[in-house]
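Fold and geometry: a report
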Amino acid sequence: MNAKSFLVFTFLLSFYSIIAQESFDRTQVLKQMQLANNYFMQKWPDVGKTIITNKERPSHIWTRAVYYEGLMALHEIYPKEVYYQYALDWANFHDWGFRSGNETRNADDYCAAQTYIDLYNLEPDSEKLKNTRACMQKFLHTSQNGDWNWIDAIQMGMPIFSKMGVLEKDSRYFQKMYEMYMYTRNKEGENGLFNEEDGLWWRDADFDPPYTEPNGEDSYWSRGNGWVAGALARVLSIIPEDAPHRDQYIHDLRTMAEALTEVQREDGFWNVSLHDENHFGGPELSGTALFVYAMAYGVNNDLLDKGKYLPVIEKGWKAMTEKGLHDNGFLGYLQSTGKEPKDGQPLSYDKAPDFEDYGIGCFLLAGSEVYKLENGFD
């Protein structure tokens, strides 16, 4: 390399280094997370206020529980007292319990235990987890494994089994979690909900073959796949390095990351419909956030190749913050609750979904891992 070429190379290296720093400025990431979170906390100052859409629901349903997962992730990197108190007040209001009681097997109901356990770990008191222990212990004493018959439940439930296994020093939770996960993966519906060939998941048995999108492709819903990718990252962040079946979760995370990289939009988002952009495709923020979260976790923990996935993460984060995040913290392009691409359509920058809480939770989870990325922060 001659002197002129070396100078050009040095200039380009410095230029792209500056670009990377601008894209991944740790202070800016934290400000963006706080902006979205403050918007929500100001809108919902009463943690016990019921949620009214088409009907009235208590404030510890799954949508709100996912928000608190994100809040606790924010608290972990920026332990502000007001965040802790907001979560603690929520748990206290609901007596650290679940909408359908301790006998529920519905992951949407016991999802709240993810935050209950996090709060307990910060300030242990056996009374706090009386309901969680009662609810989760029953799973260890039945052979039933088909509870997670829709893939959203993988995210709502798996992290709790992981946390309980660590907290109670009881590997039975890890084994039961694996059995329930693998049932959903390989047996639910006709042949399980995971398509190993495509590296993606059908939302439930209603969407596995012969169901297809209008273009003949399988129906892969963005947020549904996001729930699984996010769950795998969360589980891997909780269970010990020598926990049984860890390799299975790593394999599935890598398989999904590979498949998702191939279908990321040019603007950095992922479509609502991952394999048919003309059938309720378009950008969607909650799925994008969960994919960014899972991939950033993978890079941060040397499970995914940084060179390959950092650009994917960067595009996704920039899409959410530059094209989805409003100046007041509102998040656009967030799909309402549902189970398939057509639900809650059309999406837009300004349209409010039926629930905002879970979308903000997903965004905070993504930000918590983007914040930890080494590239361009120092």
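Described in the following lines is the structure provided in the data block. (Residues numbered from 1 in each chain as written. Predicted model: local features only at pLDDT ≥ 70, side-chain atom pairs only at ≥ 80, totals over all residues. Heavy atoms only, no water.)

1. Brief notes about the overall build of the protein chain
When helices and strands are counted, the protein chain shows 14 helices and 6 strands. Relative to its length of 378 residues, the protein chain is compact, with a C-alpha radius of gyration of 20 Å against a globular reference of 21 Å. With respect to the principal axes defined by its C-alpha atoms, the protein chain has extents near 70 × 50 × 45 Å. Each of the 378 residues in the protein chain was classed as buried or not, and the buried ones make up 58%. Excluding contacts between residues fewer than 6 apart, the proportion of contacts in the protein chain whose partners are at least 24 apart in sequence is 70%. Per element, the accessible surface of the protein chain, about 15,600 Å² overall, is 48% carbon and sulfur. Averaging the positions of the 36 positive and the 57 negative side-chain charges in the protein chain gives two centres separated by 3 Å. (Helix = DSSP H or I, 4+ residues; strand = E, 2+ residues; numbered from the N terminus. Rg over C-alpha atoms; globule rule 2.2 N^0.38 Å. Buried < 20%, exposed > 50% of the residue type's maximum accessible area, 1.4 Å probe, protein only. Contact = heavy atoms within 4.5 Å. Areas by Shrake-Rupley, 256 points an atom, 1.4 Å probe, with all protein chains shown as cover. Lys, Arg positive; Asp, Glu negative; His and termini not counted. Charge placed at Lys NZ, Arg CZ, Asp CG, Glu CD.)

2. Some thoughts on the pattern of salt bridges
In this structure the tally under the stated criterion is 22 salt bridges. R234 is paired through a salt bridge with E69; the nearest N and O atoms lie 3.3 Å apart. In this pair, R234 is assigned in helix α10 (residues 222–238) and E69 in helix α3 (residues 62–77), connecting sequence segments 165 residues apart. Notably, a salt bridge pairs D343 with K342, separated by 3.6 Å at the nearest N-O pair. On the basis of relative accessible area, K342 is assigned to the partly exposed category, the value being 44%. Taken together, the shared-partner salt bridges in this structure form one network comprising D152, R203, D204, D206 and K339. (Salt bridge = Lys/Arg side-chain N within 4 Å of Asp/Glu carboxyl O.)

3. Let's talk about the nonpolar core
Y110, W148 and Y249 are the most contacted members of the largest nonpolar core, which totals 123 residues. No other element matches the 11 residues that helix α12 (residues 285–300) contributes to this core. Discounting residues that sit within four places of it in the chain, Y249 has contacts with M158, F174, M177, Y178, Y181, L232, V235, L236 and I239. (Core = buried A, V, L, I, M, F, W, Y, C linked by side-chain atoms within 4.5 Å.)

4. A look at the environment of G329
Inspection of the secondary structure assignment puts G329 in the loop between α13 (306–324) and α14 (357–370). Residues G329 and N38, spaced 291 residues apart in sequence, show a C-alpha to C-alpha distance of 7.2 Å.

5. Considering the packing of helix α8 (residues 152–168) against α10
At their nearest, the axes of α8 and α10 sit 8 Å apart, and the two run at 5 degrees to each other. For the element pair α8 / α10, the angle class is roughly parallel. Only W227, V228, A231, R234, V235 and I238 of α10 make contact with α8, whose side of the interface consists of D152, I154, Q155, M156, M158, P159, S162, K163 and V166. Looking at the contact of α8 with α10 residue by residue, the classes come out as 10 nonpolar, 2 polar and 3 charged. (Axes fitted to C-alpha atoms, helices over the stretch in contact; angles between N-to-C directions. Parallel < 35°, antiparallel > 145°, perpendicular 65-115°, else oblique. Nonpolar A, V, L, I, M, F, W, Y, C, P; charged D, E, K, R; others polar.)

6. Here we look at α14
Under the 1.5 Å per step criterion, the end-to-end length of α14 is 20 Å for 14 residues, consistent within 8% with the ideal 20 Å. The buried fraction of α14 is high, at 14 of 14 residues. (Expected span 1.5 Å × (residues − 1).)

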